[in-house]
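Notes for the structure review
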Amino acid sequence: MTCLKPEAAAPADTGPGGADFNPFAVMQPRRPDAIPRDFRNGGRVKAADVAPAGVYLPNNNKMTPAMRSPDYVQMSTAAAITLGIMPGMLYRCACTRCLNLLLTYPEGCRANCAYCGLARHREAERDYADRNFIRVDWPAVPMAEIVEKVAADGEDTPFHRMCISMITHPRSDDDTVTVLKQWTDRIDPATVPVSILSNPTTMQRSDVETLKDLGADIFTVALDAATPEIFDRTRGKGVDSPHSWKKYWEILMDARDVFGPQKFGAHIIVGMGETEADVLRLVQELVDLGGHSHMFCFFPEKGSLMDHLPATPRDQWRRVQLARYLIDYCDVRVERMAFDEEGRVTDFGLPRAELDAIVDAGIAFRTSGCPGKFQEDISACDRPYGDSPPSNIASYPFQPAGADIRRIRHQLDMEKPGEAYEPGEEFDDPDDGSDDDQAASATAEARAV
Ligand code: SF4
């Protein structure tokens, strides 16, 4: 198993019509097709009625077993490799630091988000446990086996955090509680803290309180869309999906009250038609509320309702990554930044020397998410190659250095004199950035400027 897989849609250097961003008018999802009656609600799986039998690797069996949470959960390929459940290697990463778990049901997720490989409309072509999600397959594993393995490692566990991702299903609120209890019964949350990636559509404030009482550390809401219009057309009425912007914000505000400052956040996907100004104002709003933003670069997931659309051009993504880092961790306010008539960042609101130091430190370009044990601004949730192929990395799951930084500077149009990026040079002599102490000292230097 490898993270190097054939790519259906490699990200281009520029967007539609040569633009360096994905405009709203272009990023229109297609409508979902009707699902044959026999295929709805996991119809094929239920008809087959095959008993579950241990670890299930997507596409390896002819028949999808009838697995469901809380007994089973799915986990990312990176987590399965790290746990030794699947063989494989991760390009320039020794392991992942976050054990990402996903509730699983034969009926699948009942929502229909346009960018998501797990969406309901895919019932017509693939059973739930075989669907790809953020570019990779998610094997299904008995929860008891996962707990046993992580508990056996004790303090030596490679994981800095565990995350339970809910999906839209009538059982997901109760089963999240059961999975969390199963974990905290055996594993000290101080050793591996737990994050909840929530599903606000089925939740009430009391559910948020219950998860906090049971030991969850951080609560996040996957807004995903940066504006109400994009939310509605990608995960609401526009695609026959049940989510609403209002309900997501209601639960986000509950999380702020219940979990408190720095312990809640929102996921945002960049490049679905919002402007850079839109997304950065949202980042500022989250910071002002006391929370964080966790960014994903839009990638046209195969089989999704947006798989015909362009991945986010790297220039747009890098500008937003850098500006988001400045707002989240460097006390730069969005009001200090300048934008052009298309909403693109033209001034990051910092003197060039300070900006150069932050770019060179590279942390801004790593995967963003809930923190691990290295430092606050280094995410445990590194999601290796979840939003790009290794050949054209969007979120770095390792510390970028050397040629990586030259490439990032090239994408930002911030190359230093005499340090031009040579295409492909990072593959000739990769500077393995797995040393997070190096990252820590680089950040310290950047902040000292
Ligand atoms: S609710 Fe989450 S898992 Fe379900 S379709 Fe939307 S993004 Fe995918």
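Keep in mind the model is a prediction, meaning the values are calculated, not measured.

**A closer look at the overall build of the chain**
Assigned secondary structure in the chain consists of 13 helices and ten strands. The buried share of the chain, reckoned over its 449 residues, is 61%. A fraction of 75% describes how many contacts in the chain between residues 6 or more apart in sequence connect residues 24 or more apart. Accessible surface for the chain amounts to roughly 17300 Å². Of this, 50% is attributable to carbon and sulfur atoms.

**Some words on the site of the ligand**
Contacts to the ligand come from Cys109, Ala111, Cys113, Cys116, Leu118, Ala119, Ile167, Thr168, Arg235 and His243. A breakdown of the residues in the shell around the ligand according to their chemical character gives seven nonpolar, two polar and one charged.

**Looking at a negative patch on the surface**
Taken together, the side chains of Asp153, Glu155, Asp156 and Asp188 make up a negatively charged region of the molecular surface. With respect to the helices and strands, the residue aspartate 188 is situated in the loop between helix H4 (172-186) and strand E5 (194-198). Take aspartate 188: its relative accessible area is 45%, and that puts it in the partly exposed class.

**What to know about the nonpolar core**
Counting residues in hydrophobic clusters, the biggest one holds 112 residues, and the most contacted among them are Met75, Leu99, Ile146, Trp183, Phe219 and Leu322. No other element matches the eight residues that helix H9 (residues 314-329) contributes to this core. Those residues in contact with leucine 99, other than ones at most four positions away along the chain, are Met75, Ala79, Leu83, Ile146, Val150, Phe159, Arg161, Met162, Cys163 and Trp183.

**What to know about the sheet that holds strand E2 (residues 98-103)**
Here we have eight strands laid out as an open sheet, ordered E3-E1-E2-E4-E5-E6-E7-E8, and mixed in their pairing. The open sheet has two edge strands with one neighbour each: strand E3 (140-142) and strand E8 (292-297). Direction aside, neighbouring strands of the sheet carry axes that sit 30° apart on average. Here E5 runs beside strand E6 (residues 218-224); their pairing, made up of four bridges, is parallel. Paired with serine 198 across the two strands is valine 221, which belongs to E6.

**As for unusual backbone geometry**
With an omega of 10°, the peptide bond between serine 69 and proline 70 qualifies as cis. Tracing the backbone shows proline 70 in the loop between helix H1 (43-48) and strand E1 (72-75). The phi torsion at arginine 92 lies on the positive side, around 60°, for a residue other than glycine. Located in the positive-phi region is aspartate 413, a residue other than glycine, with phi close to 60°. Structurally, aspartate 413 is set in the loop between helix H11 (403-412) and helix H12 (425-428).

**Re the side chain of aspartate 377**
Along the chain, aspartate 377 turns up in the loop between helix H10 (352-361) and H11. The class of aspartate 377 is buried, set by a relative accessible area of 9%. In terms of polar contacts, aspartate 377 uses its side chain to reach the side chain of tyrosine 325, at 2.5 Å. Within the structure, aspartate 377 has its side chain in polar contact with the side chain of glutamine 375 (distance 2.6 Å).

**Remarks on the state of the cysteines**
For the structure shown, the criterion picks out zero disulfides. With no disulfide of its own, cysteine 98 has cysteine 381 as its nearest cysteine by sulfur position, at a separation of 4.4 Å.

**A few points about the packing of aromatic side chains**
One pass over the full model with this rule turns up nine aromatic pairs. Residues tyrosine 91 and tyrosine 385 carry aromatic rings whose centres are separated by 6.1 Å and whose planes lie at 50° to one another, so their mutual orientation is tilted. Here tyrosine 91 is found in the loop between helix H2 (77-83) and E2, whereas its partner tyrosine 385 is found in the loop between H10 and H11, with 294 residues between them in sequence. Its relative accessible area of 1% is what places tyrosine 385 among the buried residues. A centroid spacing of 5.5 Å and a plane angle of 40° characterise the contact between phenylalanine 219 and phenylalanine 259, whose relative ring orientation is tilted. Residue phenylalanine 219 is found in strand E6, and its partner phenylalanine 259 is found in helix H7 (residues 245-259); the two are separated by 40 residues along the sequence. Assigned by exposure class, phenylalanine 219 and phenylalanine 259 land together as buried. Of the aromatic side chains, those joined through ring pairs into one cluster are Tyr91, Tyr385, Tyr396, Phe398 and Phe427.

Rules of the game
- Residues numbered from 1 in each chain as written.
- Predicted model: local features only at pLDDT ≥ 70, side-chain atom pairs only at ≥ 80, totals over all residues.
- Heavy atoms only, no water.
- Helix = DSSP H or I, 4+ residues; strand = E, 2+ residues; numbered from the N terminus.
- Buried < 20%, exposed > 50% of the residue type's maximum accessible area, 1.4 Å probe, protein only.
- Contact = heavy atoms within 4.5 Å.
- Areas by Shrake-Rupley, 256 points an atom, 1.4 Å probe, with all protein chains shown as cover.
- Near = heavy atom within 4 Å.
- Nonpolar A, V, L, I, M, F, W, Y, C, P; charged D, E, K, R; others polar.
- Patch = residues over 30% accessible without salt bridge, like charges linked within 9 Å, V, L, I, M, F, W, Y side chains within 5 Å.
- Salt bridge = Lys/Arg side-chain N within 4 Å of Asp/Glu carboxyl O.
- Lys, Arg positive; Asp, Glu negative; His and termini not counted.
- Charge placed at Lys NZ, Arg CZ, Asp CG, Glu CD.
- Core = buried A, V, L, I, M, F, W, Y, C linked by side-chain atoms within 4.5 Å.
- Pairing = 2+ DSSP bridges.
- Axes fitted to C-alpha atoms, helices over the stretch in contact; angles between N-to-C directions.
- Polar contact = N/O pair within 3.5 Å; in protein donor to acceptor, adjacent residues only side chain to side chain.
- Disulfide = S-S within 2.5 Å.
- Phe/Tyr/Trp six-rings, centres within 6.5 Å; stacked < 30°, edge-to-face > 60°.

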